[in-house]
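Structural overview for review
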Amino acid sequence: MSRVAYVNGRYTPYRDATVHVEDRGFQFADGVYEVIAIIDGRLVDEEGHLVRLERNLDELRIAHPMSRAALRVVFAETIRRNRVRYGSLYVQVTRGAARREFPFPQGVRPTLVAIARMLDWDKVAKHAAKGAAAITAPDLRWARCDIKSVGLLPAALAKQAAKEAGAYEAWLLDENGLVTEGSSSNAWIVTRDGVLVTRQLDNAILSGITRSAIMALARSEGLAIEQRGFTPQEAFEAREAFVTSTTSFVMPITSLDGRPIGNGAPGLLAGKLRVLYEAYAGHQAAGTLPSAPYLAP
Ligand code: PLP
């Protein structure tokens, strides 16, 4: 089956899917993106992702490429044409293509790209059953990490450092030594008292849609949640740790910088939240549950 990408109004064979050399996404990282899980051919938390996308476009004063309803049609069609049942949808919007000048160009249409690809959720689940390692790395990103910008170089550097250390994720540390989030996930610990701790929503982290869904599931289970930064030392003393994201759901973190967290095995609460989230995501995609909201900082 030949793959197809949506590029500015056309469904194009993947190998020919290109944007202009002077696209501002290419020259200035002047754009935003979303990654949305696909379960049984349908998107998980599409509404939450759309609200976040529009909010981020507004923060950067990039025009909306089309209405929310039209975007839904493009997303569904991109999934359908690629026959993806289980996978992810990547969506990118940039300010558009124009002669290279720093100020915003006038009268330029935003660039819209959508790519659907398969993803083996069973493989991710098997990884989660084993747990994953994380390292710490300095948070070298900009002061608006609440915006899901395509300026991902610091995240790529941190992820590469994790890979070279044989780890799955890098937990980023702010200037006070507090964990902000993972390079592509939100970071959580469970204290010895069973309290869930994850950083508060501010400009230092991305408000994850998975984080929002997990927060609601945890509350419905009567679990206590504290939204605050925590140190690596607190993680070492914690009962368990995990990360949440669209492509990992809930991934237990069993070691940090080579030192075990808890008993070095995936935590019970992370396992429980993962089971709850898998069920939630299936129902959400099928349309029998409302989307997790985008929680604005
Ligand atoms: N934080 C960062 C920096 C991310 O890149 C991501 C996802 O890619 C997340 C958090 C998790 O967000 P979501 O749950 O919406 O995928």
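This text goes with the structure placed above it.
Residues numbered from 1 in each chain as written. Predicted model: local features only at pLDDT ≥ 70, side-chain atom pairs only at ≥ 80, totals over all residues. Heavy atoms only, no water.

Taken together, 17 residues lie near the ligand, and Arg52, Glu181, Ile209, Thr210 and Thr246 sit nearest. Side-chain polar atom of Arg52 to an oxygen atom of the ligand: 2.9 Å apart, as the coordinates give it. Thr246 has a polar side-chain atom sitting 2.6 Å from an oxygen atom of the ligand. Taking 390 Å² as the accessible area of the ligand by itself, protein coverage stands at 93%. (Near = heavy atom within 4 Å. Polar contact = N/O pair within 3.5 Å; in protein donor to acceptor, adjacent residues only side chain to side chain. Areas by Shrake-Rupley, 256 points an atom, 1.4 Å probe, with all protein chains shown as cover.)

For the rest of this paragraph, the subject is empty space enclosed by the protein. This structure, assessed with the given rule, holds two cavities of 30 Å³ or more. Considering only enclosed or pocket space, the largest cavity measures out at about 50 Å³ in volume. Around the largest cavity, the lining residues are Ala37, Val44, Asp45, His49, Ile209, Thr210, Thr246 and Tyr277. Its residues assigned to classes, the lining of the largest cavity comprises four nonpolar, three polar and one charged. Here the second largest cavity defines a volume of roughly 30 Å³. Taken together, Arg239, Glu240, Ala241, Pro252, Ile253, Thr254, Ile261, Gly262, Ala265, Pro266 and Gly267 form the lining of the second largest cavity. Among the elements of the structure, β13 (240-245) and β14 (249-256) are those that each provide at least two residues to the lining of the second largest cavity. When residues of the lining of the second largest cavity are assigned to their parent elements, the largest contribution, three residues, is made by β14. (1 Å grid on protein atoms, 1.4 Å probe; cavity = no way out; pocket = protein on both sides within 12 Å on 5 of 7 lines; lining within 4 Å. Points joined across faces, edges and corners; volume = space filled by probe spheres on them. Nonpolar A, V, L, I, M, F, W, Y, C, P; charged D, E, K, R; others polar. Helix = DSSP H or I, 4+ residues; strand = E, 2+ residues; numbered from the N terminus.)

With that settled, the discussion passes to the sheet that holds strand β6 (residues 111-118). Sheets are built from strands that pair by backbone hydrogen bonding, the pairs being arranged parallel or antiparallel. Across the sheet, which stays open at both edges, the six strands sit in the order β2-β1-β6-β5-β3-β4 with antiparallel pairing between neighbours. Taken across any chain shown, the strands that pair with only one partner, and hence form the sheet edges, are β2 (10-13) and β4 (42-43). Contacting β3 (31-39), β4 and β5 (87-94), helix α2 (residues 46-59) runs over the sheet at an angle of about 175° to β3. (Pairing = 2+ DSSP bridges. Contact = heavy atoms within 4.5 Å. Axes fitted to C-alpha atoms, helices over the stretch in contact; angles between N-to-C directions.)

For the rest of this paragraph, the subject is the nonpolar core. Judged by nonpolar contacts, the single largest core of 45 residues is most densely connected at Trp171, Ile189, Leu196, Phe242, Ile253 and Tyr277. Here the element with the most residues in this core is helix α8 (residues 268-286); it accounts for seven residues. The residues touching Tyr277, leaving out its near neighbours within four places in the chain, are Val44, Asp45, Thr210, Ala213, Ile214, Leu217, Phe249 and Val250. One finds Val32, Ile38, Phe75 and Leu89 within the second-largest nonpolar core, a separate group that totals 22 residues. (Core = buried A, V, L, I, M, F, W, Y, C linked by side-chain atoms within 4.5 Å. Buried < 20%, exposed > 50% of the residue type's maximum accessible area, 1.4 Å probe, protein only.)

A word on the pattern of salt bridges. Enumeration according to the criterion identifies 23 salt bridges in this entry. Between Glu46 and Arg72 there is a salt bridge; the shortest N-O distance is 2.9 Å. Taken together, the residues span a long stretch of sequence, with Glu46 in helix α2 and Arg72 in helix α3 (residues 68-82) at a distance of 26 residues. According to the relative accessible area criterion, Glu46 is buried, its value standing at 14%. A salt bridge links Glu54 to Arg68, with the nearest nitrogen and oxygen atoms 2.7 Å apart. Taken together, the positions of Glu54 in helix α2 and Arg68 in helix α3 put the pair 14 residues apart, joining distant regions of the chain. A relative accessible area of 13% places Glu54 in the buried class. The class of Arg68 is partly exposed, set by a relative accessible area of 28%. (Salt bridge = Lys/Arg side-chain N within 4 Å of Asp/Glu carboxyl O.)

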